[in-house]
2 protein chains.
Amino acid sequence: MTADSHTINTSDFLDHISLDCVIFGFHNNELKVLTLQLKYTRDYALPGGFLKTNETLEEAAKRVLQERTGLDNIFLKQFKVFSDLARAATNPAVNDLVASGIKPDLDFFGKRFISVGFYALVEYTKVEPTPDFFSDKCIWKNVNENESYILDHNQIIEKALDVLRLQLSYQPIGYNLLPEKFTMPELQKLYETILGKELDRRNFQRKMLSYKILNKLDERKRGGAYKAPYLYEFNLENYQKALSHGLSGGW
Amino acid sequence: MTADSHTINTSDFLDHISLDCVIFGFHNNELKVLTLQLKYTRDYALPGGFLKTNETLEEAAKRVLQERTGLDNIFLKQFKVFSDLARAATNPAVNDLVASGIKPDLDFFGKRFISVGFYALVEYTKVEPTPDFFSDKCIWKNVNENESYILDHNQIIEKALDVLRLQLSYQPIGYNLLPEKFTMPELQKLYETILGKELDRRNFQRKMLSYKILNKLDERKRGGAYKAPYLYEFNLENYQKALSHGLSGGW
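Along every chain, residues carry numbers that run from 1 in the direction the sequence is written. Working convention: letters from A go to chains and numbers from 1 go to ligands, in the order in which they are written. The model is predicted, so local features are restricted to residues of pLDDT at least 70 and side-chain atom pairs to those at 80 or more, both for listing and for counting; the totals for chains, interfaces and linings are taken over all residues. Values shown for side chains rest on all heavy atoms present in the structure; no hydrogens or waters enter the calculation.

Asks: Provide a residue-level description of the relation of the copies chain A and chain B, including the pertinent values.
Replies: The atoms used to superpose the copies are C-alpha atoms, taken from residues with pLDDT of at least 70 in both, and the fit is least squares. In the superposition of chain A on chain B (RMSD 0.0 Å, axial shift 0.0 Å), the rotation amounts to 180 degrees. These values place the two chain copies in the arrangement generated by a two-fold rotation axis. Considering only C-alpha atoms, the residue of chain A closest to the rotation axis is Tyr-170 of chain A, which sits at 2.8 Å. The contact criterion used throughout is that any non-hydrogen atoms of two residues lie within 4.5 Å. Of the interface residues in chain A, 100% have counterparts in chain B that sit at the interface too, so the contact is made through matching surfaces.

Right, here's the structure in full:
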């Protein structure tokens, strides 16, 4: 199911299993999520797809991400499988195709699907948003925009956001969302945006530095005034350690 | 698929989707996992099952847990979907049935299955281990016993243990594994068992009390000496808060 394919060979895929990707990016102090707009009904959907008979879920998610963003090597994590019975209805994207005169394989699309949710963190500026077979627009939406999505995609975004917020309390975040070099105020803004609340500047800096996941560079942000803030980069060794063992260093 | 059913009506279940439950219990200072021993080959397997056409994954996991342990209302969490291609081989439990002369529906069992992993924390003494259709023994094994399990069940247990360990660094654990009242040494032993290492007594107590998730009772452990340790219970309100927001109270 590449972006420019004109048919979907449903026999390549397993019945009943789909995946949906919540792709987060950070831009202009906003947390954004990559969405698709369907060709006919103009509804919004998350990038997603089906599981090929010869690939793992992780390979399928990488394939979807690569096709929608142009990027490889994205931070990617399974976070929940969605299996509500209410979502068993035929995917609206398929009704959309029917409305357009295309005859999809309803024996496949009409089945009940459970969907494996992945979330991904990407560097906004590096993404080349690319629509898929069902859509003609691939665009960033502010995560708080409360757009109406198909199926349970609103709920999938909400849940991904919950997981991301909880993750802030025990794992580092930022390496995949910020440029290589960033200032402390930029990092703080990322946290504030995800958490949806303001944080105290001094407490944030003190706590963040205590985790030892940052290298302070001997360089200030360009174009700034005399008091321009210093640049930081992540200390990748410690960052990885904190990803595996938690920020507090564990017990 | 109840424990005493003699056939499995495969048309009740969705193709391609199974679930496996890593049920942890704590007893005699050992972390244990509930296992099934297959009738013929005597291999071990995790309790699991398939997804009924009319139930969610959570309902399926509750059903499996209820059938294997006799318990409702168990702490239960999805932690990962396993979809390696190597696991696509027919489930050995089914070969086991064939060896016993039973003819299973190989059109169903011969398909590729992805398996949704759940882990559960239960109070050991309350469990009534009950075998399923494929097994004649349901027994607790020490999690470190390095038993040989069917398919990727070793890997599923390893991964569940990883998740449990990481969880110790940001969420409380114990409410579902310990009796209602417990001593600080008992709680510490639980942590040490999960982490697989000894912890400093004073640091453990200081850190644990700082989370404010315990109520110290005006009562010492019975049958103990003059210096018998005090009993504690979890402060459920704060415990729940820490489950949602992390032990550190978040940002």
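Asks: Explain the UniProt feature "domain: Nudix hydrolase" (unreviewed entry) in chain A residue by residue, including any values.
Replies: Mapped onto this structure's residue numbering, the UniProt feature "domain: Nudix hydrolase" (unreviewed entry) falls at residues 14-165 of chain A. The span residues 14-165 of chain A carries 25% helix and 36% strand; its end-to-end C-alpha distance comes to 33 Å. UniProt positions are given in the numbering used here, feature names are shortened, and annotations may be inferred rather than shown by experiment. Per the convention used, a helix needs a DSSP run of H or I reaching at least four residues, while a strand needs a run of E reaching at least two, with both numbered from the N terminus.

Asks: Break down the nonpolar core for me, citing the residues and quoting the values.
Replies: In terms of nonpolar packing, the biggest core is built from 51 residues, with Leu-19, Ile-23, Leu-57 and Phe-118 of chain A together with Ile-23 and Leu-57 of chain B touching the most fellow members. Sequence-distant contacts of Leu-19 of chain A, that is, excluding residues within four places in its chain, are made with Pro-47, Gly-48, Gly-49, Phe-50, Leu-51, Leu-57, Ala-60, Ala-61, Val-64, Ser-115, Val-116 and Phe-118 of chain A. Remark: nonpolar core denotes a set of buried residues (Ala, Val, Leu, Ile, Met, Phe, Trp, Tyr, Cys) joined through side-chain atoms within 4.5 Å. Summary of the burial criterion: residues with accessible area below 20% of their type's maximum are buried, those above 50% are exposed, and those between are partly exposed, where the area comes from a 1.4 Å probe applied to protein chains only.

Asks: Got a sec to walk through the domain arrangement of chain A? Specific residues and values, please.
Replies: Residue and element names in this part refer to chain A. These domain limits were set by an automatic method or by a database of domain assignments. Domain boundaries assigned for chain A yield domain 1 (2-166) and domain 2 (173-245). The centre of domain 1, based on its C-alpha atoms, is set 30 Å off from the matching centre of domain 2. Between domain 1 and domain 2, the contact holds 12 residues from the first and 11 residues from the second. Each of two parts loses accessible area, computed with a 1.4 Å probe, when they are put together; buried area is these two losses added. Interface area for domain 1 against domain 2, summed over the two sides, is near 1,200 Å², with a carbon-plus-sulfur share of 70%. For this analysis, a salt bridge means a side-chain nitrogen from Lys or Arg found within 4 Å of a carboxyl oxygen belonging to Asp or Glu. If you look at where domain 1 meets domain 2, you find 0 salt bridges. Distance and chemistry together define a polar contact, namely a pair of N or O atoms within 3.5 Å, with one atom able to donate a hydrogen and the other to accept it when in protein, and with adjacent residues in sequence counting only for side-chain atoms on both sides. Counting every contact that joins domain 1 to domain 2 gives 2 residue pairs in polar contact (both at pLDDT 80 or more). At the level of elements, strand S1 (13-27), strand S2 (30-38) and helix H4 (153-168) are the ones that each hand at least two residues to the side of domain 1 that touches domain 2. In terms of residue count, the dominant contributor to the side of domain 1 that touches domain 2 is S1 (3 residues).

Asks: Please provide a residue-by-residue account of the sheet that holds strand S8 (residues 182-183) of chain A, values included.
Replies: Residue and element names in this part refer to chain A. Here the rule is simple: two strands pair whenever DSSP picks up at least two bridges between them. With antiparallel pairing, the 3 strands of this open sheet are ordered in space as S8-S10-S9. At either margin of the open sheet sits one strand with a lone partner, and together these are S8 and strand S9 (214-220). Sheet topology note: the S8/strand S10 (residues 230-234) ladder contains 2 bridges and is antiparallel. Note that in S10 the partner of Thr-183 across the bridge is Leu-231.

Asks: Kindly report on the sheet that holds strand S9 (residues 214-220) of chain B, identifying the contributing residues and their values.
Replies: Residue and element names in this part refer to chain B. Taking strand neighbours across the sheet as the criterion, the 3 strands line up as S8-S10-S9 in an open arrangement whose pairing is antiparallel. Whereas interior strands pair on both sides, the edge strands pair on one side only; in this sheet they are strand S8 (182-183) and S9. For S9 and strand S10 (residues 230-234), the ladder comprises 4 bridges, and the chain directions are antiparallel. The residue bridging Leu-214 from the neighbouring strand is Phe-234, located in S10.

Asks: So, the environment of Ser-83 of chain A: which residues are in play, and what are the values?
Replies: Mapped onto the elements of the fold, Ser-83 of chain A is located in the loop between strand S5 (75-82) and helix H2 (92-99). Note on Ser-83 of chain A: relative accessible area 3%, which makes it buried. Along the primary structure Ser-83 of chain A and Ile-17 of chain A are separated by 66 residues, whereas in three dimensions their C-alpha atoms are 9.9 Å apart. The contact partners of Ser-83 of chain A, leaving out residues within four places of it in the chain, are Arg-112 and Ile-114 of chain A together with Thr-56, Leu-57 and Glu-58 of chain B. Among the polar contacts listed, one links the side chain of Ser-83 of chain A to the backbone nitrogen of Leu-57 of chain B, at a separation of 2.8 Å.

Asks: Pulling in residues and values, what's your account of helix H5 (residues 184-195) of chain A?
Replies: Residue and element names in this part refer to chain A. To estimate the expected span of a helix, count its residues, drop one, and scale the result by 1.5 Å. Compared with an ideal rise of 1.5 Å per residue, which puts 12 residues at 16 Å, H5 spans 17 Å between its outermost C-alpha atoms and is within 8% of the ideal. Three or more residues of H5 are buried, namely Met-184, Leu-187, Gln-188, Leu-190, Tyr-191, Glu-192, Thr-193, Ile-194 and Leu-195. Once H5 finishes, Gly-196 follows within two positions and takes phi at roughly 70 degrees, a positive value.

Asks: Go over the environment of Gly-48 of chain A with me, naming the residues and quoting the values.
Replies: Residues and elements named next belong to chain A. Following the sequence through the fold, Gly-48 ends up in strand S4 (residues 48-52). Accessibility expressed as a relative area gives 11% for Gly-48, which makes it buried. Counting along the chain gives 30 residues from Gly-48 to Ser-18, while the straight-line C-alpha distance between them is 7.3 Å.

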